[in-house]
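# Summary of the model geometry
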Amino acid sequence: MNHIVIIDYGMGNLRSVQKAFERQGFDACLSSDPADFAAADKLVLPGVGAFRDCIAQLRDGGFVEPLMAHVKAGRPLLGICVGLQLLFSESHEFGRHQGLGIIPGKVVRFPDHMRQGDEELKVPHMGWNDLRIRRPAPIFKGFESGSFVYFVHSYYAQPEDPQVVAAETTYGDVTFCAALWRDNVMATQFHPEKSQAVGLEIIKNFGEI
C-alpha cells in the first residue's frame, strides 16, 4: 500500500504538489476531510501564506488531532514550506503563535537589512539556493551537497536540537534549516514541486519510503 494524502486545508499550492507526485508515478489525493488521514500511508502538509492563518485553518478544520495521530503511529509525514514551519513550537510572524510542537524550536524573520558582498538582499528570500546535506534523510537518498532548490519565504525555523537539521543553506549572513528529519517526520523549507528535476527526485524518494 502507498496511499498518499495531501492535506487540503485551504492554505497550500496543492495541485502543483499533487502533479509532482503524479509525474513520479504516485497516486496522491487531495483531502479536506480529516477522517481520511486514518487510511493514509503518508501525509503531505503543504503551506503558503502566513503561519498564523495556516495554523488557525488546521485547528478550525479539525486537522490537528488526526495529523498528530498519524505521526505518533510512525507513518511518514512531509511538510513543505510553511508546512515545515507549522511543525515547530511557535512562530513570531505577526505576533507569537503556537505551532504543532512536533519539533521544538521557533520560526523567526530574516533581518530587514542583509548584504552579500556589495549587494543588498531583499526579504522575502526568493530564488535558488544550494543545499548542504547534513544528515542522510530518506528524501535525500542519492543526493550530495550542491543541488539547487527553490525558496520563497520571509521566515525560517530555528530548531532547538541541531540534530534534526537534514540540510541547510545560507541567505546573506544567515545560515538556516532548509530541511529537517526526525524519525518519520521530514520537511523542506523550499518547494520541491518548484525545484525541477531535483525537487521531483525528492518527491520520488518520499513516495518510495
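## What about the sheet that holds strand S6 (residues 97–98)?
- An order of S6-S5-S7-S13 is seen for the four strands of this open sheet, with the pairing classed as mixed. Only two strands of the sheet have a single partner each, and these edge strands are S6 and strand S13 (155–159).
- Here strand S5 (residues 88–91) pairs with S6 via two bridges, running antiparallel. Looking at the pairing, Ser 91 lines up with His 97 of S6.

## Points about helix H5 (residues 196–207)
- Helix length check: H5, at 12 residues, gives a terminal C-alpha distance of 17 Å against a target of 16 Å (1.5 Å per residue), a fit within 8%.
- All buried positions along H5 are accounted for by Gly 199, Leu 200, Ile 202, Ile 203, Asn 205, Phe 206 and Gly 207.
- Against strand S1 (4–7), helix H1 (14–23), strand S3 (42–45), strand S4 (77–80) and strand S16 (185–188) lie the buried residues of H5.

## Structural notes on the sheet that holds S3
- In spatial order, the strands read S2-S1-S3-S4-S16-S15-S14-S11; together these eight strands make up an open sheet with mixed pairing. The open sheet is flanked by strand S2 (28–31) and strand S11 (132–133), the only strands paired with a single partner.
- Both strand S15 (residues 174–182) and S16 contribute to a ladder of four bridges, which runs antiparallel. Paired with Arg 182 across the two strands is Val 185, which belongs to S16.
- The strands that H1 touches are S1, S2, S3 and S4; relative to S1, the one it contacts most, it runs at about 165°.

Calculation criteria
- Residues numbered from 1 in each chain as written.
- Predicted model: local features only at pLDDT ≥ 70, side-chain atom pairs only at ≥ 80, totals over all residues.
- Heavy atoms only, no water.
- Pairing = 2+ DSSP bridges.
- Helix = DSSP H or I, 4+ residues; strand = E, 2+ residues; numbered from the N terminus.
- Expected span 1.5 Å × (residues − 1).
- Buried < 20%, exposed > 50% of the residue type's maximum accessible area, 1.4 Å probe, protein only.
- Contact = heavy atoms within 4.5 Å.
- Axes fitted to C-alpha atoms, helices over the stretch in contact; angles between N-to-C directions.

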